[in-house]
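Architecture and fold: a report
Letter by letter, the chains look like this.
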Amino acid sequence: MNVPISIKVNGVERQAEVEPRTLLASLLRETLCLTGTHIGCDTAQCGCCTVLVDGDAVKSCTMLAVQADGCSVTTIEGLAQGEELHPVQKSFHDCHALQCGYCTPGFIMSSVELLEKYRDLDEGRVRELLEGNLCRCTGYNNIVQAVLSLAAERGRT
Amino acid sequence: MSTKWFGAAIPRRQDARLVRGEGRFLDDIVLPRMAHVAFVRSLHPNAALGAIDAATAMQVPGVLEVVSHADLGEAGRPFLQLLPHHGLASATWSALAPGRVCFAGEAIAAVAAESFAAAQLAAEAVAVEYRTSAPIIDLESAQRPDSPLVHPDIPRNLAMHMVEQCGDVEAALRSAPHRLKERFRITRGGGMPLEPRGVIADYDLNRRELTVWSSTQEPHTVRNTIATMLGLQRHMVRVIAPDTGGGFGTKINVYPEEILVPWLAMRLGRPVKWVETRSEHMLSATQEREQIHDIEVGFDESGRLLALKNVFYHDMGAYAPRGGAVPHNTSAALIGPYRIPNVRSEIAAVYTNTATVSAYRGAGQPQGVFVIERAMDRIAAHLGRDPAEVRRVNTILSDAFPYDTGLTNLLGGAVEYESGDFLGTLDKALELADYAGLRARQVEARKAGRYFGIGIANYVELPGRGPWAGGGVRVEHDGSVPVYTGAPSQGQGHETTMAQICADQLGVSIDRIKVLAGDTALIAHGIGTFASRFGVLGGNAVRLSALEVKEKILRIAGEMLETSVADLEIEDGKVSIVGVPDKSLSFEAVARKALRAAGPDGEEPGLEATRYFKTSNITYSNGTHIATVEVEPATGQVQVLKYFLAHDCGRVINPMIVEGQIMGGIACGIGNALLEEHAYNSEGQLQTGSFMDYAMPRAADMLEIHMVHQETPSTLNPLGIKGVGEAGTIPVPAVICSAIEDALRPLGVKINEAPLPPFRLWKLIRAAAKAA
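Here the structure is a predicted model, which means the values were calculated and not measured.

A word on the overall build of chain A. On a plain count of helices and strands, chain A comes out with five helices and five strands. When the elements of chain A are put in sequence order from the N terminus, they spell out β-β-α-β-β-β-α-α-α-α. Here chain A has a C-alpha radius of gyration of 16 Å; the compact-globule value for 157 residues is 15 Å, and the two agree. C-alpha extents for chain A along the principal axes are approximately 50 × 30 × 25 Å. When burial is assessed residue by residue, chain A has 55% of its 157 residues classed as buried.

When helices and strands are tallied, chain B shows 18 helices and 31 strands. In terms of C-alpha radius of gyration, chain B reaches 27 Å, essentially the compact-globule figure of 28 Å for 772 residues. Principal-axis analysis of the C-alpha atoms places the extent of chain B at approximately 85 × 75 × 45 Å. Split into buried and exposed, the 772 residues of chain B put 65% on the buried side. Intrachain contacts of chain B at a sequence separation of at least 6 include 80% that bridge at least 24 residues. Surface exposure of chain B reaches about 26,200 Å², of which carbon and sulfur atoms provide 51%. Positive and negative charge centroids in chain B, built from 74 and 87 side chains respectively, lie 1 Å apart.

Residues and elements named next belong to chain B. Across the interface, helix α16 (residues 655–675) lies against helix α17 (residues 732–743) with an axial gap of 8 Å and an inter-helix angle of 50°. Here α16 is positioned oblique relative to α17, judged by the angle of their axes. Considering only the axes of α16 and α17, their crossing is right-handed. Side by side, α16 and α17 meet where I666, G669, I670, N672, A673 and L674 of the first sit next to V732, P733, I736 and I740 of the second.

Residues and elements named next belong to chain B. Here T688 shows up in the loop between α16 and β30 (704–710). Of the polar contacts made by the side chain of T688, one reaches the backbone nitrogen of A679; its length is 3.2 Å. Look past the residues within four positions of T688 in its chain and what remains in contact with it is M282, E677, H678, A679, D693 and Y694.

Quick look at the pairing of strand β29 (residues 637–648) of chain B now. All names here are of chain B. Here strand β28 (residues 621–632) runs beside β29; their pairing, made up of 11 bridges, is antiparallel. By the bridge assignment, G623 is partnered in β29 with H647. Linking two consecutive strands that pair antiparallel, namely β28 and β29, is a turn of four residues; a positive phi of about 80° is found at G636 within it. Bridging between β29 and β30 involves seven bridges; their strand directions are parallel. Bridging across to β30, A646 finds its partner in V708. Regarding topology, α16 serves as the crossover connection from β29 to the parallel β30, and that connection is right-handed.

So, about the packing of helix α9 (residues 365–383) of chain B against helix α10 (residues 387–394) of chain B. Residue and element names in this part refer to chain B. Axis separation between α9 and α10 bottoms out at 8 Å; the angle between their running directions is 115°. Relative to α10, the element α9 is oriented roughly perpendicular. In this structure, α9 meets α10 at a crossing whose hand is right-handed. Side by side, α9 and α10 meet where E373, M376, D377, I379 and A380 of the first sit next to P387, V390, R391 and N394 of the second. A breakdown of the residues in the contact of α9 with α10 according to their chemical character gives five nonpolar, one polar and three charged.

Across the boundary between the two partners, chain B contributes 49 residues, which contact 47 residues of chain A. For the pairing of chain B and chain A, the buried interface totals around 3,800 Å² over both sides, and the portion due to carbon and sulfur atoms is 57%. At the boundary of chain B and chain A, one finds three salt bridges. A:R29 is the partner of B:D28 in a salt bridge, and the nearest nitrogen-oxygen pair spans 2.9 Å. Summed over the shared surface of chain B and chain A, the number is 20 residue pairs in polar contact (both at pLDDT 80 or more). Secondary-structure elements contributing two or more residues to the side of chain B that touches chain A are α1 (15–19), α7 (278–284) and α16 of chain B.

Turning our attention to the environment of B:I396. Residue and element names in this part refer to chain B. By the element assignment, I396 lies in the loop between α10 and β18 (403–408). On the basis of relative accessible area, I396 is assigned to the buried category, the value being 0%. C-alpha separation for the pair I396 and G336, spaced 60 residues apart in sequence, amounts to 9.4 Å. When sequence neighbours within four positions are dropped, the list of residues in contact with I396 reads G336, P337, Y338, R339, F401, Y403, Y417 and F422.

With 194 residues, the main nonpolar core has A:F92, B:Y417, B:V631, B:Y643, B:I736 and B:I740 as its most contacted residues. Other than its neighbours up to four places away in sequence, B:V631 contacts B:Y451, B:Q637, B:V638, B:I740, B:A743, B:L744, B:L761 and B:I765. Membership of the second largest hydrophobic core comes to 47 residues, among which are B:I501, B:V508, B:I513 and B:V590.

Okay, the domain arrangement of chain B next. Residues and elements named next belong to chain B. As far as domains go, chain B holds domain 1 (15–21 + 467–614), domain 2 (31–133 + 195–245 + 251–284) and domain 3 (287–464 + 617–771). Placing the centre of domain 2 and that of domain 3 at their C-alpha centroids yields a distance of 37 Å. Across the boundary between the two partners, domain 2 contributes 25 residues, which contact 29 residues of domain 3. When the two sides are added together, the surface that domain 2 and domain 3 hide from each other amounts to roughly 2,200 Å², 58% of it contributed by carbon and sulfur. Taken together, the connections running from domain 2 to domain 3 amount to one salt bridge. The shortest N-O distance in the salt bridge between R322 and E218 comes to 2.5 Å. Inspection of the region where domain 2 meets domain 3 yields 12 residue pairs in polar contact (both at pLDDT 80 or more). Taken together, the residues of the side of domain 2 that touches domain 3 break down into 14 nonpolar, eight polar and three charged.

A few words on the environment of A:T22. Residue and element names in this part refer to chain A. Assignment of secondary structure puts T22 in the loop between β2 (12–18) and α1 (24–31). C-alpha of T22 to C-alpha of N2: the two residues are 20 residues apart in sequence and 9.8 Å apart in space. Those residues in contact with T22 that lie beyond four places of it in its chain are L27, L64 and A65. Here the side chain of T22 touches E19 through a polar contact of 2.8 Å, landing on its backbone oxygen.

Our next topic: helix α18 (residues 758–771) of chain B. Residue and element names in this part refer to chain B. With 14 residues, α18 extends 20 Å from end C-alpha to end C-alpha; this agrees with the ideal 20 Å at 1.5 Å per step. Burial in α18 covers these residues: R760, L761, I765 and A768. Down the axis of α18, the smallest arc covering the buried residues is 140°, so these residues share one side. In α18, the exposed residues that point more than 90 degrees away from the buried face are K763, A769 and K770. Looking at the packing, one finds that the buried side of α18 touches β28, β29, α17 and β31 (753–754).

The rules behind the values
- Residues numbered from 1 in each chain as written.
- Chains lettered and ligands numbered in written order.
- Predicted model: local features only at pLDDT ≥ 70, side-chain atom pairs only at ≥ 80, totals over all residues.
- Heavy atoms only, no water.
- Helix = DSSP H or I, 4+ residues; strand = E, 2+ residues; numbered from the N terminus.
- Rg over C-alpha atoms; globule rule 2.2 N^0.38 Å.
- Buried < 20%, exposed > 50% of the residue type's maximum accessible area, 1.4 Å probe, protein only.
- Contact = heavy atoms within 4.5 Å.
- Areas by Shrake-Rupley, 256 points an atom, 1.4 Å probe, with all protein chains shown as cover.
- Lys, Arg positive; Asp, Glu negative; His and termini not counted.
- Charge placed at Lys NZ, Arg CZ, Asp CG, Glu CD.
- Axes fitted to C-alpha atoms, helices over the stretch in contact; angles between N-to-C directions.
- Parallel < 35°, antiparallel > 145°, perpendicular 65-115°, else oblique.
- Left-handed = near helix turned anticlockwise from the far one by under 90°.
- Polar contact = N/O pair within 3.5 Å; in protein donor to acceptor, adjacent residues only side chain to side chain.
- Pairing = 2+ DSSP bridges.
- Right-handed = clockwise from strand over helix to strand, strands pointing away.
- Nonpolar A, V, L, I, M, F, W, Y, C, P; charged D, E, K, R; others polar.
- Buried area = accessible area lost by both parts, 1.4 Å probe.
- Salt bridge = Lys/Arg side-chain N within 4 Å of Asp/Glu carboxyl O.
- Core = buried A, V, L, I, M, F, W, Y, C linked by side-chain atoms within 4.5 Å.
- Domains from an automatic or database assignment.
- Expected span 1.5 Å × (residues − 1).
- Arc of directions from axis to C-beta.

Listed below in structure tokens is the structure:
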């Protein structure tokens, strides 16, 4: 039996009828066609599917769509303002923090959250906070740099 | 030719869509009326298959079809052997297991359904009758006459036995002042691209055309194999590799699913999609690295190697889709940058009832480098000499190139290093690391009771593998320049590097260039992206095409401007008469003329060329890595402190991308050295079936990396490129284990294996303590 839900996704109220077992990741990808959220594993380890739910970074493969009823969800597609990239997206590009780009949306969403939530970020802390996301291409250092450069910028302003 | 773009750290052009989540990966593609596939995979590693009962499965709502090998007809025969190696006892896989299974995870049946959930549910309801036999898992005992057989027709599980030699090893060993024997072992891991594999197929019944999307490194090979297996003509099959989320070798082979899914699409008359789950990937995608080496070295008082004898066992897993490429690479990589006059390398490659072994980033080379570099450390320790100095006395000098090592590569040619400055990278790395300073620091650390070690490893990489690659260039009527190639990118950045090469050769801004790849409709022939080959071969193919187009532009412009070609120059998409800059023509004007003016007596229309760059050999990159570690003996925990390297990949197209390749490669290497291991139990069941058990390096496992580039151009191609994709990974297990052994020298711990997760190192530390 399908369940009606209402979720604000990237600022827009969306209604859907979902099977109770539907994962948030499936709802986003299959029903709402927001394919920037990726699936890289089936044990909630890789973080490719990370989105923001009411501001918290959440692996959308670990949350049922019905649990997100009434929540506000931000996906990678919701970050840029038209042509203008979100500062984290721009920083990833500037720092060569991506290669194949598959893990990138998840890393960017996790980075948005940690820059929002934590004020005193040093290298060790950033590495620890990105624990939930796997990348096989970059070796992480440029990703860490992309986050740290924004943290440093913030420190200057 | 100016080199405005080549060599510059141009930001990547593909990033704009990828950071926005606008990449188009395989699972993002949805076709109308698409059916979904799930596989029934073997529970047992070695079994004959009896009845396959799909009656219950067919009753699951939404199920369309359940098929097993018996349904496939001709499409179910074993694949053709790629790279048929001399002496290889070939065993290739089939679209579905043909009556018996050779590893746990092999696909036995496929279920097509209206949804993936229904297909998965039905797959679980398929009842398979197994007649199980004992499996052979252990590499070393696989050859014993009483071992179970993986393939009944291959005696002693021996896939390949090969001997490579130069000089007279036995005589040299007998007369050597010093000799050492060691046994080294590397276990297996996987490439683990973050995007699992996947295939979509759509058959147009009326036009009899098949379109296949696959997350592959080799769309042309997939096309050719589909055509062969399904009895289609190649030009009726189009294979597209969309944005691909990493490859690392795992996606080079044509897998059973890449035949089965198109076959199902033709049978059902509707599009079919299969996307691999990570669990399936762990079980059935290719893995690599398991080898055991028994080596003996002979050397003199200075540490100079006189003879190297190596017998090694290589685990092929269940099948050999790519022949003996990986163990042959190990053999070719064995001597690295060293002069070794007498070498004997013997390979015994065996089948086991485990997932198939094929190339993963480095493809056999990390093992070869591990062996020779561990030997260097042992020689240094035996003689009480500095490990850097022992490496120095053995290094091939710069005046010795081209240097024939006496071994052969997997293409059958000589392992002949075309150019290099091997002492150059050694010296640069030692200087960058402040090696003397590190040794002084080690003395202090030891006084303080800390286990601080310095590791060093050299390598020679075998990139740029031939025999050819293609690239086309066209100048359109509006002045835009599509560049199209036969090899897709899985993150390497072809969209940027190929554009850089074209921009310089053609004399046009990079902004006008768009690189298209990963579609067999773009270019007739292609081999693919692997073995760090495409920058070298594809880059040079694009150069050839750009130069041909440029020639035509000059010819046509010469006629238009009524001047000789010799008086023309091209810059920034404009042709002008030298010294008369106001008399110029845009590429647009020339391109339009090239279309309009084509006539029975004139040029053929358009500005376009597709050329292939051919090579008879492999290029050779090299470098030196140095790492410092601190070990906690009570726990076996290793902390890698700093990492230094000097590398030489010939001329660098884009230093930012090269550095990115190396850093990413080091992360893979750190996994091989300390974390990653695919473990099977003695019953042949994979113990590491998810990212919860298989330890991938994470952000906190990586460390500070300092690197310097050295550029010794390759003499084998006009651009002087050598290739770099695997350089970061190849020496890492060697350098980390070198550092760990150095750190634990006061405890007398010898490191002969990788990886070394804490429990394994702790056991070695404890064993050494007991022995002492």
